[in-house]
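So the chains spell out like this:
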Amino acid sequence: MEEQAKYQTKMNGAMTDAVNDEVMDALNDVIHLANVFAPKTRDEQKILNTRLRLALRTGALPFRFIDDQEKHYRKIIYSTGIEVGKKFTANKDGNVWTVREVER
């Protein structure tokens, strides 16, 4: 399992290097526009959770979204971090969440 985590970390590092800053910024802009308002329905919540997982897996960080409730964002961030072999931090300022990768 440790070998797998090392391999995933190397692969994710290579994938992150391959994605240039312009693409990440464009992806963040699209995601930000979609999250202008906090999710109100169960379907909107599922979409936000999926976008959060996508941003974590592709390295399109910092990822910002608006929601005034805790829900289970930290659980998603932690479990996805274990999956990809990285550490992330989630900060909430008022009702705006910001998710970043922890620098080593």
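Everything discussed here concerns the structure shown above.
Presented here is a report on the structure given in the accompanying data block. (Residues numbered from 1 in each chain as written. Predicted model: local features only at pLDDT ≥ 70, side-chain atom pairs only at ≥ 80, totals over all residues. Heavy atoms only, no water.)

So, on to the environment of R100. Tracing the backbone shows R100 in strand β3 (residues 96–101). Once the C-alpha coordinates of R100 and F63 are considered, the two residues, 37 residues apart in sequence, prove to be 6.8 Å apart. (Helix = DSSP H or I, 4+ residues; strand = E, 2+ residues; numbered from the N terminus.)

Pairing is antiparallel in the open sheet, where 3 strands are placed in the order β1-β3-β2. This sheet does not close on itself; its edge strands, each paired only once, are β1 (63–66) and β2 (88–93). Neighbour-to-neighbour, the strand axes of the sheet open up by a mean angle of 20 degrees, direction not taken into account. Direction of pairing for β1 relative to β3: antiparallel, over a ladder of 4 bridges. What sits directly across from F65, in β3, is W97. Across the face of the sheet, helix α3 (residues 42–58) comes into contact with β1, β2 and β3 while running at roughly 165 degrees to β1. Its contacts with the sheet put helix α4 (residues 73–84) on β1, β2 and β3, and the angle it makes with β2 is roughly 160 degrees. (Pairing = 2+ DSSP bridges. Axes fitted to C-alpha atoms, helices over the stretch in contact; angles between N-to-C directions. Contact = heavy atoms within 4.5 Å.)

Mapped onto the secondary structure, T98 falls in strand β3. If near-sequence neighbours (up to four positions away) are discounted, T98 is found in contact with P62, F63, R64, T89, A90 and N91.

Between its terminal C-alpha atoms α3 stretches 24 Å, which fits the 24 Å expected from 17 residues at 1.5 Å a residue. Looking at the residues trailing α3, positive phi occurs at G59, about 85 degrees. (Expected span 1.5 Å × (residues − 1).)

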